[in-house]
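Spelled out from the first residue to the last, the chains are:
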Amino acid sequence: MLRSLMALLVTGVLVVFGYFFVVTQELPSVEKVLRDGINPTQWTQVFAADGTPIMSFGKFRHTNVRIKNVSPYFIESLIATEDRRFYEHNGVDPVAVLRAVVRDLTHQKLREGGSTITQQLARNVFLSNERSFSRKMREAALAMELEKKLTKAQILELYINNTYFGEGAYGIQAASEIYFGKKPAALTVPEAAMLAGMPQAPSGYNPFQNMKGAKARRDEVLHNLLEVGKISQDEFERYKKQPIALNQGGRGLSSSDRAPFFNRYVMTQVMRYFNLDEQSFWQSGLKIFTTLDLRAQNLAQGAVSRQSAVYGRTGKNQQAALVSINPQSGAILAYVGGKNYQNSQFDRVNDAVRSPGSLFKIFTYTTAIDRGYEPTRVYLDEPIKIAEWQPKNYDKSYHGYMTIAKALITSNNIVAVKVIHELGADAVVRMAEQMGIHTPMEPYLGLTLGGSGVKLMDITSAFGVLANQGVRVEPYAIDRIVDDSGHEIYREHPVKTNVLNRTTVDTMVKMMEGVVARGTGKAGSIGRPVAGKTGTSDDYRDAWFVAFTPDVVTGVWVGNDNNTTMPGMTGGSLPASIWRSFMQPYMASRPAKDFDLAYSKALEDADFVTYDLKNLTTNDAGNSLATGEMKDGEIQQDPVLEPVADPNATEGAEGTVNGDPANAGEPNTPVRPAFDSAVPSENSGRPLVPVTPSETQAPVQQQPMPGYGSAPAPASPRVGYGVIPLERARRGRYDSGNTAAQSYGASPVPANDSAVDSGRARY
């Protein structure tokens with residue numbers, strides 16, 4: 001047994017040494033680099049669709065500095081944080097490696113990494129930052145070679161001149177001038193500590209982007225100085241209290257950044273595609289050609305800033321975001337993640353998860369039309385109670401009979417809840433997923449009122465399916481990438497998937513045109529065909545307007561990062577104004593196009609304001625005097641949705657601060673409802689119980705749907721979802737006969753989103 005273990009150990013050692021020998025055979029020449037000098041000039045650049053540079057680092061000249069001209073506080077901070085045994089090892093520190101492994105295994109926070117300063121220098125100068133075992137082997141071999149040829153002072157000097165500090169600052173000279181506007185010899189202890197803490201994560205600890213994180217990291221480095229005896233306890237406490245006073249003009253010294261939220265989105269994608277860290281990204285010399293329309297971007301940024309100011313929303317937490325996409329290609333045209341990138345870097349286009357309110361009704365009604373429902377199908381808007389949940393309309397009143405078309409343009413809650421109950425909530429979830437919603441959703445009735453959070457990018461792209469005649473194209477920002485040798489190493493090939501038939505799409509677009517022409521989205525009218533939907537979440541915490549022309553889809557979100565309410569703010573107000581302020585000038589140079597609605601089901605202008613009782617649903621027709629309530633546990637009351645927003649947001653008088661460390665990165669989905677997701681269809685009876693039954697309502701036989709010959713199938717089988725053949729869906733249109741259409745009321749359509757339930761997601 002012992003002999004076998006020894007043999008296994010010897011074999012393992014031989015394998016490791018053999019592997020080390022192989023991967024270190026073709027190391028770069030240390031002598032050549034030391035002889036020719038080091039000067040990082042390969043800068044990555046990002047370009048708009050027309051070839052205009054929109055982000056690049058390198059304006060700030062790289063300058064080497066002698067170690068004697070650097071504050072000793074910086075050198076002491078660096079060694080205390082990165083490599084405390086720097087003067088004792090020969091390039092690789094076995095003690096530090098073992099300590100790093102143990103702490104990693106026990107999930108403790110690392111105060112110092114396993115790589116020495118010499119290893120980091122070898123990686124920065126000679127190697128890429130790919131994460132692999134072979135790279136670590138080569139790094140170790142080069143570090144030992146450097147230690148043989150250079151003194152410790154020379155190694156330190158090379159390191160501080162070739163380390164990336166963020167904001168395009170290579171080397172301590174550039175970093176000192178960009179962040180503090182001074183020479184490195186003049187750095188104070190707190191300033192030196194802040195800079196010494198940055199190499200591990202230049203963006204994460206960049207005070208221009210994350211002051212809270214930068215200060216926490218600085219204080220950690222100060223504590224390291226305390227631990228090694230370089231400062232006293234009193235000095236530590238005093239330095240911690242000092243604010244970080246930045247050189248406010250420093251950002252422009254090194255970079256050009258004309259679309260900061262979009263550029264960071266692109267940068268994150270490239271780093272993920274090629275497994276790069278930030279320093280490798282900038283030093284790789286890539287040329288990244290994007291889809292951004294610079295004219296659209298400038299108009300979008302102006303619209304968000306200008307209209308927010310008009311509405312008096314100038315506070316840091318009072319935010320807005322916009323994204324615009326070509327629905328045919330998926331190309332992102334404009335991308336505004338917030339009002340001001342310098343004040344807040346949190347991206348509300350792709351990172352924030354917020355309640356969509358009535359915006360989500362689009363998926364409910366798309367599912368219904370796809371299942372064969374007619375837009376003239378009639379429901380009774382009446383008080384209903386589901387278990388303990390009693391949804392209400394925004395105006396807290398009820399409007400009697402109405403078509404699905406009218407319910408959509410007035411953003412009626414009661415009808416939307418009745419429709420999702422008939423269909424089954426899981427069918428609506430599948431539709432939303434198929435159209436492009438990637439955030440988790442729970443199948444319960446409150447979903448139709450915005451009960452599960454969405455991203456602005458996702459829901460705007462999902463609306464693009466309707467703009468693109470049922471074809472889904474995933475949005476993208478990067479067209480192609482060229483390396484530093486001029487070789488194309490990446491090109492986007494959009495994948496197009498047909499997810500809806502034309503009858504469903506054309507009918508939905510026709511109804512959504514009514515939202516802008518005569519409904520809650522009238523403020524988004526721009527004098528050409530537009531279809532869209534407004535949305536406002538519970539207590540006015542989120543307001544949305546997503547709408548499209550035949551060739552551009554644009555989504556706008558307005559809200560507070562600390563999730564406080566915005567009294568009176570609806571999707572039809574500021575969001576629609578921002579949308580119009582952007583889209584009207586952007587589309588002005590293009591000829592107006594009509595939507596091609598050749599396959600739409602029959603829908604006349606009168607159907608938005610009148611109804612025919614022949615089209616009344618069976619449930620509403622025959623069970624208005626029903627007395628039985630829904631079984632306990634079948635339907636769960638809508639949850640309160642806490643959105644993901646800016647981690648640096650400050651707490652307001654009410655609401656929850658997004659970015660609480662305890663919740664960071666967790667999906668904002670409610671607890672799964674305690675009922676079977678296959679909600680009974682309308683054929684299973686009426687579980688929706690009127691609070692005040694209507695005794696005047698006469699039973700009316702429900703009309704069969706065209707091409708099907710019967711009432712809708714139960715919701716749980718997935719038959720017909722998204723794949724109704726065009727021939728079947730086009731088969732005839734229902735003619736209501738000669739029965740005179742009965743008009744309900746003469747009150748005008750509300751100008752804002754109109755529907756709110758009893759304390760949960762709103763219209």
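Predicted model, so just to flag it, every value in this text is computed and none were measured.

A.B. asks: Could you give an account of the overall build of the chain, with specific residues and numbers?
C.D. replies: Scanning the chain from N- to C-terminus turns up 24 helices and 19 strands. Taking all 763 residues of the chain together, the buried fraction comes to 56%. Accessible area of the chain: about 30,600 Å², with a carbon and sulfur share of 53%.

A.B. asks: So what's going on with the sheet that holds strand E15 (residues 542-548)? Residues and values would help.
C.D. replies: A sheet is described by the order of its strands in space; here five strands give the open sequence E6-E5-E16-E15-E14, paired in antiparallel fashion. The sheet is open, and its two edges are formed by strand E6 (332-336) and strand E14 (531-536), each paired on a single side. Sheet twist, expressed as the average angle between the axes of neighbouring strands with direction ignored, equals 5°. Summarising the sheet, E14 and E15 pair through six bridges and their orientation is antiparallel. Its bridge partner lying in E15, lysine 533 is registered against valine 546.

A.B. asks: A description of the side chain of glutamate 422 should follow, citing residues and the corresponding values.
C.D. replies: Mapped onto the elements of the fold, glutamate 422 is located in helix H18 (residues 413-423). On the basis of relative accessibility, which here comes to 4%, the residue glutamate 422 falls in the buried class. At a separation of 2.7 Å, a polar atom in the side chain of glutamate 422 contacts the side chain of tyrosine 379.

A.B. asks: For the packing of aromatic side chains, give the residues involved together with the corresponding values.
C.D. replies: The full count for this structure, using the stated rule, is 16 aromatic pairs. On the basis of an interplanar angle of 85° and a centroid distance of 5.5 Å, the ring pair of phenylalanine 545 and tryptophan 579 is categorised as edge-to-face. With a gap of 34 residues between them, phenylalanine 545 in strand E15 and tryptophan 579 in helix H22 (residues 574-587) connect regions that are remote in the sequence. We classify phenylalanine 545 as buried; its relative accessible area is 0%. A connected cluster of aromatic rings, assembled from ring pairs, spans Phe262, Tyr265 and Tyr335. Seen from the ring of tyrosine 373, arginine 377 lies directly overhead, with NZ or CZ sitting 3.9 Å from the centre. Just above the ring of phenylalanine 289 sits the side chain of arginine 480; from NZ or CZ to the centre is 4.1 Å.

A.B. asks: Kindly report on the environment of aspartate 605, identifying the contributing residues and their values.
C.D. replies: As for its position among the elements, aspartate 605 is in the loop between H22 and strand E17 (610-611). Along the backbone, aspartate 605 and arginine 518 are 87 residues apart, and their C-alpha atoms lie at a distance of 10.0 Å.

A.B. asks: Give a detailed account of the pattern of salt bridges, specifying residues and quantitative values.
C.D. replies: One pass over the full model with this rule turns up 23 salt bridges. A salt bridge links aspartate 506 to arginine 502; the shortest N-O distance between them is 3.0 Å. Residue aspartate 506 and its partner arginine 502 are both found in helix H21 (residues 502-518); the two are separated by four residues, about one turn of the helix. By the burial criterion, aspartate 506 is buried, and arginine 502 matches it. Connected via shared salt-bridge partners are Lys215, Arg218 and Asp219.

A.B. asks: An account of the packing of helix H8 (residues 172-180) against helix H9 (residues 189-196) is needed here, citing residue identities and associated values.
C.D. replies: In contact at an axis separation of 11 Å, H8 and H9 are set at 120° when each is read in the N-to-C sense. As judged from the angle between their axes, H8 and H9 are oblique. Here the hand of the crossing between H8 and H9 comes out right-handed. Counting all contacts with H8, which are made through Ile172, Ala175, Ser176, Tyr179 and Phe180, the residues of H9 involved are Glu191, Met194 and Leu195. Of the residues that constitute the contact of H8 with H9, the class distribution is six nonpolar, one polar and one charged.

A.B. asks: Outline the pairing of strand E5 (residues 318-325), listing residues and values.
C.D. replies: Among the eight residues in E5, seven count as buried, and that is most of the element. Across four bridges, E5 lies against E6 in antiparallel orientation. Within E6, the position partnered with serine 324 by the bridge is alanine 334. Counting the residues that bridge the hairpin from E5 to E6 gives six residues, and of these glycine 330 lies at a positive phi of roughly 90°.

A.B. asks: Can you explain the pairing of E15? Please cite residues and give values.
C.D. replies: Burial analysis of E15 places seven of its seven residues in the buried class, which makes it a mostly covered element. Of the two faces of E15, both are covered, the one formed by Asp542, Trp544, Val546 and Phe548 as well as the one formed by Ala543, Phe545 and Ala547. Between E14 and E15, which pair antiparallel and follow one another directly, the connecting turn spans five residues, one of which, aspartate 539, has a positive phi of 60°. Of the strand pairs in this sheet, E15 and strand E16 (residues 553-560) are connected by seven bridges, and their pairing is antiparallel. Pairing of aspartate 542 across the sheet is with glycine 559, part of E16. Adjacent in sequence and paired antiparallel, E15 and E16 are bridged by four residues.

A.B. asks: Could you give an account of the nonpolar core, naming the residues involved and the relevant values?
C.D. replies: Ranked by size, the top nonpolar core spans 94 residues in total, and within it Leu466 and Phe548 carry the most contacts. The greatest single-element share of this core, amounting to eight residues, is contributed by helix H20 (residues 456-467). Ignoring anything within four residues of it in the chain, the contact list for phenylalanine 548 reads Phe463, Leu466, Ala467, Val509, Met512, Pro529, Val530, Ala531, Val553, Trp579 and Phe595. Val65, Phe86, Val189 and Tyr239 belong to the second largest nonpolar core, which has 45 residues in total.

A.B. asks: How would you explain helix H19 (residues 425-435) if you had to name every residue and give the values?
C.D. replies: Counting buried residues in H19 gives nine out of eleven residues, a clear majority hidden from the surface. Taken as a whole, H19 has its buried residues at Ala425, Asp426, Ala427, Val428, Val429, Arg430, Met431, Ala432 and Met435. Elements in contact with the buried residues of H19: helix H16 (361-370), H18, H20 and strand E10 (471-473). The positive-phi residue at the C-terminal boundary of H19 is glycine 436, with phi of around 130°.

A.B. asks: I'd like a description of the environment of valine 349, backed by residues and values.
C.D. replies: Structurally, valine 349 can be placed in the loop between E6 and H16. We classify valine 349 as buried; its relative accessible area is 0%. Residue contacts for valine 349: discarding those within four places in its chain leaves Ala321, Leu322, Val323, Tyr335, Val336, Gly337, Lys455, Leu456 and Met457.

Calculation criteria
- Residues numbered from 1 in each chain as written.
- Predicted model: local features only at pLDDT ≥ 70, side-chain atom pairs only at ≥ 80, totals over all residues.
- Heavy atoms only, no water.
- Helix = DSSP H or I, 4+ residues; strand = E, 2+ residues; numbered from the N terminus.
- Buried < 20%, exposed > 50% of the residue type's maximum accessible area, 1.4 Å probe, protein only.
- Areas by Shrake-Rupley, 256 points an atom, 1.4 Å probe, with all protein chains shown as cover.
- Pairing = 2+ DSSP bridges.
- Axes fitted to C-alpha atoms, helices over the stretch in contact; angles between N-to-C directions.
- Polar contact = N/O pair within 3.5 Å; in protein donor to acceptor, adjacent residues only side chain to side chain.
- Phe/Tyr/Trp six-rings, centres within 6.5 Å; stacked < 30°, edge-to-face > 60°.
- Lys NZ or Arg CZ within 6 Å of the ring centre and 35° of its normal.
- Salt bridge = Lys/Arg side-chain N within 4 Å of Asp/Glu carboxyl O.
- Parallel < 35°, antiparallel > 145°, perpendicular 65-115°, else oblique.
- Left-handed = near helix turned anticlockwise from the far one by under 90°.
- Contact = heavy atoms within 4.5 Å.
- Nonpolar A, V, L, I, M, F, W, Y, C, P; charged D, E, K, R; others polar.
- Core = buried A, V, L, I, M, F, W, Y, C linked by side-chain atoms within 4.5 Å.

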